Amino acid sequence: MVVVALREDKTINQLSTEFGVHPVAVGRRLERESQAAELRERKNRWLKRSSALSLEARRAVIHCPGELSVRRP
């Protein structure tokens, strides 16, 4: 459904009729898909920037002072 919707050759109402779902469901799915695409783009930009950093700079980014624990207090 998302691939068909992204082609933008049909309206949301046409898609909802074709796939048997409510028009709001189509809109929400498209919204989630666009958010996921934006997050993938951000991640890719971050990976490009971080790969350009030296090893010491990358370690400084992930260094967390103090102790981290997964145990419950």
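From a predicted model like this one, the values you see are computed outputs, not experimental measurements.

## Here's the deal with the overall build of the protein chain
Along the backbone of the protein chain there are four helices and zero strands. Across the 73 residues of the protein chain, 10% fall into the buried class. In the form shown here, the protein chain has an accessible surface area of approximately 6,600 Å², with 55% of it arising from carbon and sulfur atoms.

## Regarding the pattern of salt bridges
Summed over all chains, the structure comprises four salt bridges. Taking the shortest distance from any N to any O, the salt bridge between Arg42 and Glu38 comes out at 2.8 Å. Within this pair, Arg42 and its partner Glu38 are both found in helix 3 (residues 23–52), separated by four residues, close to a single helical turn. Residue Glu38 is classed as partly exposed on the basis of its relative accessible area of 43%.

## A short note on the confidence of the model for the protein chain
With 71% of its residues at a pLDDT of at least 70, the protein chain reaches an overall mean of 78. Ranking the elements of the protein chain by mean pLDDT puts helix 1 (residues 2–6) last with 61 and helix 2 (residues 12–19) first with 86.

## Let's talk about the environment of Ile12
Structurally, Ile12 is set in helix 2. It is 8.5 Å that separates the C-alpha atoms of Ile12 and Val24, two residues lying 12 residues apart in sequence. If sequence neighbours within four positions are ignored, Ile12 has contacts with Pro23, Val26 and Gly27.

## A look at the side chain of Ser16
Among the secondary structure elements, Ser16 is positioned in helix 2. A polar contact of 2.8 Å, which involves the side chain of Ser16, links it to the backbone oxygen of Asn13. Discounting residues that sit within four places of it in the chain, Ser16 has contacts with Val21, His22, Pro23 and Val26.

The rules behind each value
Residues numbered from 1 in each chain as written. Predicted model: local features only at pLDDT ≥ 70, side-chain atom pairs only at ≥ 80, totals over all residues. Heavy atoms only, no water. Helix = DSSP H or I, 4+ residues; strand = E, 2+ residues; numbered from the N terminus. Buried < 20%, exposed > 50% of the residue type's maximum accessible area, 1.4 Å probe, protein only. Areas by Shrake-Rupley, 256 points an atom, 1.4 Å probe, with all protein chains shown as cover. Salt bridge = Lys/Arg side-chain N within 4 Å of Asp/Glu carboxyl O. pLDDT = per-residue confidence, 0-100. Contact = heavy atoms within 4.5 Å. Polar contact = N/O pair within 3.5 Å; in protein donor to acceptor, adjacent residues only side chain to side chain.

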